[in-house]
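# Working through the structure, step by step
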Amino acid sequence: MTDEDEIQIIYKKGIEAFRRGELQKASGLLLQVVETTEEDHHAWNALGVVFTKMGKYEDADVCFENALILDPSNEVYMRNRERNKGHIRRGIKDHLSSFQIPDFPDIKKPYTVIGITGAVILLIILALVLPPILNPLPQSATSGDTLVFADLSEDLVLIRNSDGPGLDKVKEFEITVNNQSLEVAGTGGRTLGNYAGATLAIPVDSLYPLSDENEVTFRVTAVFNDESYREVLSKTLTLPVIEEEPVIEELVFVPHDPLYKKGDVLINKENRTYMLVTDLFPDNQYRLEELTRSNDGNFIIQHGLARNGSMAEYESLFLKSAELPVPADLKFRPGTPYQAISIRTSGIEKNPLYVPGDLISRSPGLTNDVHVILGYDPATDEYATDQIHQYYTGEWGYRPGLKAEWMKRADLESTYPARISRIALSRIGIGKDSSPPGTEPVYRAGDIIARDRGVDAVQLLVLYYDPKTGEYGTDTIRRSFDGGWDRDGQDIPVLRSALERDFPYKVRNVDVSLVKIK
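Residues numbered from 1 in each chain as written. Predicted model: local features only at pLDDT ≥ 70, side-chain atom pairs only at ≥ 80, totals over all residues. Heavy atoms only, no water.

Turning next to the nonpolar core. In terms of nonpolar packing, the biggest core is built from 26 residues, with Ile-159, Phe-173 and Phe-218 touching the most fellow members. Take this core: its biggest share by element is 5 residues, from strand β6 (residues 215–224). Not counting residues within four places of it along the chain, the set of residues in contact with Phe-173 comprises Thr-146, Val-148, Asn-161, Leu-167, Thr-191, Leu-192, Gly-193, Asn-194, Val-220, Thr-221, Ala-222 and Val-232. (Core = buried A, V, L, I, M, F, W, Y, C linked by side-chain atoms within 4.5 Å. Buried < 20%, exposed > 50% of the residue type's maximum accessible area, 1.4 Å probe, protein only. Helix = DSSP H or I, 4+ residues; strand = E, 2+ residues; numbered from the N terminus. Contact = heavy atoms within 4.5 Å.)

What follows is the structure, encoded as structure tokens:
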């Protein structure tokens, strides 16, 4: 910020303080301006107005004189100085200094004392009588009130002269708006008449350029016949807020060259979900259906999940994964499995590295992040894969669920470059508590099993094994007083894998029919 900008800020603060009636603060701020920039005639004039309001008429006259030296033809400065001069009074000493006390050398001393006493009394009388005669008070101080009002109508500000006892001595009215003359406000030089009932109408539209946050302050000054003046109105009005009409911009339609076509299968870059393009609209939108992919590689359209989407948006979020054959009637139907069409370029890609049943990992010997290859789709060049874990016995293995994940061949082969083992898909269990398919159960009916070899260990009796559910039927068993065996008479099913893991110790085998139910 430059020094000139700082001076302008101080000047504005001085004007604002004057408007609020803070004369002492206003004079201090304006004095800073004229002391810094002596050639600012606006500041000299404003300081003169402040001094006049404070009753410092001699100081005000100096300010107006400086303003006129810098701008001699400014009529406002001239009128301000003339009005201020009406307040400057000659002191009693000035009036009395012209009188000569006669010297009477021949008068005797007693008569001299009497003469001096009389002269003093005469001077006192003259001091009381002469000032009002020689220098009477200005009409602005002796005239009664002049009633002037300002009101805001719909589109006009009306300033009315409503009479008053001092109106007969008013020569004219001067009006300012935010300390600007009405000529600046564009009223064509009109002013308020000095007769009762006179009204001045100012268009509201002409006041917006002069307003400060839609507020304007009107000051009406009465100029009397003796050129003295007095402010008769100071009122702040809030102008109506102008509501700008919204500009409606016409949208310019720019055709988009679609990247995908009907039948293209798209895959989300982040969550690997599938979408099918079923139509293209002229307003740059795709018609899309949500897809799921079965373990055999077929794509199935989901019911009630169709949507329209911006071409540009979906082209940024999705990549083309495959193509589905477009039906003869051009309609894709939910629930119908569709086999993808091969989009591979022959002779460029190599054959897949893995076959179904391969167990693959990020590095040889790493067994905590292992996937099993479930299948391969040459049409989309993708593997069907899932995580696989070891059973508690250390053998492979079980999958967390039945859902397969499809991955691009190049991505999977680069992420999992090590083949660590191979397993028949028929021997893969589903779930942590499953048992390896095709293997025989460890226990049979009549086996008594325990958690450990302790004497007080809880023992269970195996009643049977159900291969359909993979569960053992069990009951609690204990020795009887006669040396035989007793059980509670319950049939508690327990998963094969859980029982073989939690009760690994076989005590003996008994004939279930000989065990008494207690």
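Strand order in this open sheet of 5 strands is β20-β17-β16-β15-β21, and the pairing throughout is antiparallel. Every interior strand has two partners, whereas the edge strands, β20 (405–408) and β21 (418–422), have only one. For this sheet the average axis-to-axis angle between neighbouring strands, irrespective of direction, equals 40 degrees. With 3 bridges joining them, strand β15 (residues 358–361) and strand β16 (residues 370–377) adopt antiparallel strand pairing. The residue bridging Ile-360 from the neighbouring strand is His-371, located in β16. (Pairing = 2+ DSSP bridges. Axes fitted to C-alpha atoms, helices over the stretch in contact; angles between N-to-C directions.)

So, on to the side chain of Asn-284. Topologically, Asn-284 is positioned in the loop between β9 (274–281) and β10 (285–293). Here Val-254 takes part through its backbone oxygen, which lies 2.9 Å from a polar atom of the side chain of Asn-284. The residues contacting Asn-284, other than those within four sequence positions of it, are Phe-253, Val-254, Pro-255, His-256, Gly-309, Ser-310 and Met-311. (Polar contact = N/O pair within 3.5 Å; in protein donor to acceptor, adjacent residues only side chain to side chain.)

Each α-helix turn comprises 3.6 residues. Residues three or four places apart therefore point the same way. The terminal C-alpha atoms of helix α4 (residues 57–70) lie 20 Å apart, and with 14 residues this matches the ideal 20 Å at 1.5 Å per residue to within 8%. Buried within α4 are the following residues: Ala-60, Asp-61, Cys-63, Phe-64, Ala-67 and Leu-68. Along α4, the residues classed as buried sweep out an arc of 165 degrees about the axis, all on the same side. In the core, the buried residues of α4 are packed alongside α3 (41–54) and α5 (75–85). (Expected span 1.5 Å × (residues − 1). Arc of directions from axis to C-beta.)

Attention now goes to the packing of aromatic side chains. This model, assessed by the stated rule, comprises 9 aromatic pairs. Note on Tyr-391 and Tyr-398: the rings are 5.3 Å apart at their centroids and 50 degrees apart in plane angle, and the pair reads as tilted. Taking the relative accessible area as the measure of exposure, Tyr-391 reaches 5% and is therefore buried. Centroid distance Tyr-465 to Tyr-472: 5.1 Å. Interplanar angle 55 degrees. Geometry classified as tilted. (Phe/Tyr/Trp six-rings, centres within 6.5 Å; stacked < 30°, edge-to-face > 60°.)

Here we take up the confidence of the model for the protein chain. Scored by pLDDT, the protein chain comes out at a mean of 82, with 87% of its residues at no less than 70. Ranking the helices and strands of the protein chain by mean pLDDT puts α4 first, with 93, and helix α6 (residues 92–96) last, with 46. In the predicted structure, residues 90–96 sits below a pLDDT of 50 and forms 8 contacts with residues beyond four places in sequence or in another chain. Here residues 98–102 is a poorly scored stretch, pLDDT under 50, and it has 1 contact once near neighbours within four places are set aside; other chains count. (pLDDT = per-residue confidence, 0-100.)

This part covers the sheet that holds strand β1 (residues 148–152). Spatial strand order, β1-β2-β5: 3 strands in an open sheet with antiparallel pairing. Each having just a single partner strand, β1 and β5 (199–203) make up the two edges of the open sheet. Each adjacent strand pair in this sheet contributes to an overall mean axis angle of 15 degrees, direction not counted. Examined bridge by bridge, strand β2 (residues 156–161) and β5 share 5 bridges and lie antiparallel to one another. Residue pairing for β5: Ile-159 is matched across the bridge by Leu-200.

Note that Glu-4 resides in helix α1 (residues 3–19). Looking at Glu-4, the relative accessible area reads 59%, which means it is exposed. Note: C-alpha distance between Glu-4 and Thr-37 (33 residues apart in sequence) is 9.0 Å.

Let us now look at the packing of helix α2 (residues 23–36) against α3. Contact geometry of α2 with α3 gives a least axis separation of 9 Å together with a crossing angle of 150 degrees. In this view, α2 runs roughly antiparallel relative to α3, as classed from their interaxial angle. Crossing angle aside, the handedness with which α2 passes α3 is left-handed. Across the interface between the two elements, Leu-23, Gln-24, Ala-26, Ser-27, Leu-30, Leu-31, Val-33 and Val-34 from α2 touch Ala-43, Trp-44, Ala-46, Leu-47, Val-50, Phe-51, Lys-53 and Met-54 from α3. Across the contact of α2 with α3, the residue classes break down as 13 nonpolar, 2 polar and 1 charged. (Parallel < 35°, antiparallel > 145°, perpendicular 65-115°, else oblique. Left-handed = near helix turned anticlockwise from the far one by under 90°. Nonpolar A, V, L, I, M, F, W, Y, C, P; charged D, E, K, R; others polar.)

Attention shifts here to a nonpolar patch on the surface. There is a patch of nonpolar side chains on the surface, built from Ile-116, Val-120 and Ile-124 and spanning about 270 Å² of accessible area. You can see Ile-124 is positioned in helix α7 (residues 109–134). Residue classification places Ile-124 among the partly exposed residues on the basis of a relative accessible area of 48%. (Patch = residues over 30% accessible without salt bridge, like charges linked within 9 Å, V, L, I, M, F, W, Y side chains within 5 Å. Areas by Shrake-Rupley, 256 points an atom, 1.4 Å probe, with all protein chains shown as cover. Salt bridge = Lys/Arg side-chain N within 4 Å of Asp/Glu carboxyl O.)

In terms of strand pairing, strand β3 (residues 170–177) meets β6 through 7 bridges, oriented antiparallel. Residue Ile-175 lies in a different strand from β6, and its bridge partner there is Val-220.

A few words now on the side chain of Arg-293. Positionally, Arg-293 belongs in strand β10. A relative accessible area of 3% means that Arg-293 is categorised as buried. A distance of 2.2 Å separates the side chain of Arg-293 from the side chain of Glu-382, its partner in a polar contact. In this view, Arg-293 contacts Tyr-274, Asn-298, Phe-299, Asp-377, Thr-380, Glu-382, Lys-403 and Trp-406; residues no more than four positions away in its chain are not counted.

Let us look at the pattern of salt bridges. All chains considered together, the criterion is met by 29 salt bridges. The shortest N-O distance in the salt bridge between Asp-151 and Lys-235 comes to 3.7 Å. Placement of Asp-151 in strand β1 and of Lys-235 in strand β7 (residues 229–238) is noted, with a sequence separation of 84 residues between them. Asp-151 gets classed as partly exposed once you look at its relative accessible area, which sits at 30%. Where Arg-219 meets Glu-231, a salt bridge forms, and the shortest distance between an N and an O atom there is 3.8 Å. With Arg-219 in strand β6 and Glu-231 in strand β7, this pair connects stretches of sequence that are 12 residues apart. Put simply, Lys-261, Asp-264, Lys-320 and Glu-323 are held in one network by salt bridges that share partners.

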